[in-house]
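Residue-level structural notes
Here's the letter readout for the chains.
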Amino acid sequence: MTRVADDDTPPPERGSVVVPVESTSTLRTTVTHLIESAAAGEFESIHFVVLASWRRDDPETAARNADAERLLDRVSAWADADLDDAEVEGVEIATAVVGADEYLFGPGDYAREIVTYADDHGIDSVVLDPEYTPVGNTTLLQPLAFELSNTDLVVREAPVSRPTRRERLRKEATGKRFAALFGASFAFYLLLGDPLYWFDWLTGVASAAIVAITLSRVSIDTEPSFPRTPMRVLRGLVYVPVLLFEILKSNLVVARVILDPRLPIDPTLNRVRVLVGSGLPLMTLANSITLTPGTLTVRARDGDLYVQSLIPWARDGLFDGSLERWTRFIYYGREAARLPTPRERDDVAVFQGPDATEELPLARADGGDETDRRHTDTGATRDAPTGSDADETTEVTDE
């Protein structure tokens, strides 16, 4: 929608801004700040965008798109109301959902989509909501701002007040995520203890409350809902015997290799780009791979899993994507499990040995440059020390 002045006087030379949005406690005040900046002559157009944390082909895409559109409609209504109150004309308000063509896994992917959108619309700056959490859990503002700082865009955080910790804690302690994690933690506590002993009930409630308060927004990346969450639990129970069978089968194969006097091992480091989404689904797949003998997930960066395999059989199983399909089945249903395997998508690479298809990606030990191949085309190239990888990398170990 565009507001056009009544007279023919050309508007002053002003810039455009893109604002990634998600439902947060500071979103309303961020919108107000942007309209005030536009009234002061800073912006001629404001683009509110939702960065999709889902892929267009996922079974639940329609519902998540509808939620995003409702959020954008609400933000647009706020902006219109503030423009009317400030009696400001000639400011364009645009909304869009971007990034649904592929999974966005981390700050680098989010920054790339913002840069692409900004280039397409002639935008020169980004304003970030201080409570912006695109993946629904821990705040990504600092690494996202860092990623964007390496682009040509002007980046700043909206100078709005965050809610007090007491208000945030009260909200987190009464939500669906809190209830779900509290129930799961309490049930697990009683499973390990004595459900008929009153003291275990007392200590279980206290322990579950502490876990739920501190970890509910970290451990659960989306709001539990019916029937999605119960269906995921049921499909997860179906997956348990499948995973146990894979572990048993891998144990037998690895044991046979170890007992062979020739010791026919061929350890290699491999990369697999998986299509399971981010957060809990990615963690489930990474740890499932680690639990099966012969493979060890050593790193998860964006959508890539770096997996050490002991023998070619284990590497072939990894590339055939059985565990990836089961993970998609758990979180997205039967339809999503029919997607092509990593080998069929050519989303695999071998870094070592005679079958190597790519060079091993290395960063200089002194904190040198490491360029992400996925940001080269958009100009969002990182120049970050190795230590900064901790902010955007999930390490998965076999404990």
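Because the structure is a prediction, the values reported are computed rather than measured.

1. Focus: a nonpolar patch on the surface
Judged by side-chain polarity, Y197, W198, F199 and L202 come together as a nonpolar surface patch covering roughly 460 Å² of accessible area. The topology assignment puts F199 in helix α7 (residues 198-219). We classify F199 as partly exposed; its relative accessible area is 38%.

2. Overview of the environment of V254
Inspection of the secondary structure puts V254 in helix α8 (residues 228-259). Placed 56 residues apart in sequence, V254 and L310 show a C-alpha to C-alpha distance of 8.4 Å. The contact partners of V254, leaving out residues within four places of it in the chain, are P293, G294 and L310.

3. Overview of the confidence of the model for the protein
Of the residues in the protein, 78% have a pLDDT of 70 or more, and the chain-wide mean is 79. When pLDDT is averaged over each element of the protein, helix α10 (residues 312-320) comes out on top at 93 and strand β10 (residues 393-394) at the bottom at 38. Low pLDDT, under 50, characterises residues 1-7; the stretch is placed with 16 contacts to residues that sit more than four places away or in other chains. Long-range and interchain partners of residues 136-140, a stretch whose pLDDT sits below 50, account for 19 contacts in this model, where long-range means more than four residues apart.

4. Re the sheet that holds strand β1 (residues 15-20)
Here five strands make up an open sheet; going across it, the order is β3-β2-β1-β4-β5 and the pairing parallel. Each edge of the sheet is formed by a strand with only one pairing partner; in this case those strands are β3 (92-98) and β5 (154-157). Between one strand and the next, the sheet's axes are offset by a mean angle of 25°, whatever the strand orientation. Pairing between strand β4 (residues 125-128) and β5: four bridges, direction parallel. Residue pairing for β5: V127 is matched across the bridge by R156. Those strands touched by helix α1 (residues 27-39) are β1, β2 (43-51), β3, β4 and β5, and its axis lies near 160° from that of β2. Set on the sheet, helix α2 (residues 61-86) makes contact with β2 and β3; between it and β3 the angle comes to about 165°.

5. Here we look at the nonpolar core
With 27 residues, the main nonpolar core has V19, V21, L34, I46, F48 and I93 as its most contacted residues. A total of six residues in this core trace back to one element, the largest contributor, which is α2. Core analysis: the next-biggest nonpolar cluster, separate from the first, contains 23 residues, A300, V307, L318 and F319 among them.

6. With respect to unusual backbone geometry
Backbone geometry places E87, a non-glycine residue, at a positive phi of 55°. Relative to the helices and strands, E87 is located in the loop between α2 and β3. Judged by relative accessible area, E87 falls into the exposed class, the value being 70%. Positive phi, close to 60°, is recorded for D346, a residue that is not glycine. Mapping D346 onto the fold places it in the loop between α12 (342-345) and β9 (348-350).

Reading the values: the criteria
- Residues numbered from 1 in each chain as written.
- Predicted model: local features only at pLDDT ≥ 70, side-chain atom pairs only at ≥ 80, totals over all residues.
- Heavy atoms only, no water.
- Patch = residues over 30% accessible without salt bridge, like charges linked within 9 Å, V, L, I, M, F, W, Y side chains within 5 Å.
- Areas by Shrake-Rupley, 256 points an atom, 1.4 Å probe, with all protein chains shown as cover.
- Salt bridge = Lys/Arg side-chain N within 4 Å of Asp/Glu carboxyl O.
- Helix = DSSP H or I, 4+ residues; strand = E, 2+ residues; numbered from the N terminus.
- Buried < 20%, exposed > 50% of the residue type's maximum accessible area, 1.4 Å probe, protein only.
- Contact = heavy atoms within 4.5 Å.
- pLDDT = per-residue confidence, 0-100.
- Pairing = 2+ DSSP bridges.
- Axes fitted to C-alpha atoms, helices over the stretch in contact; angles between N-to-C directions.
- Core = buried A, V, L, I, M, F, W, Y, C linked by side-chain atoms within 4.5 Å.

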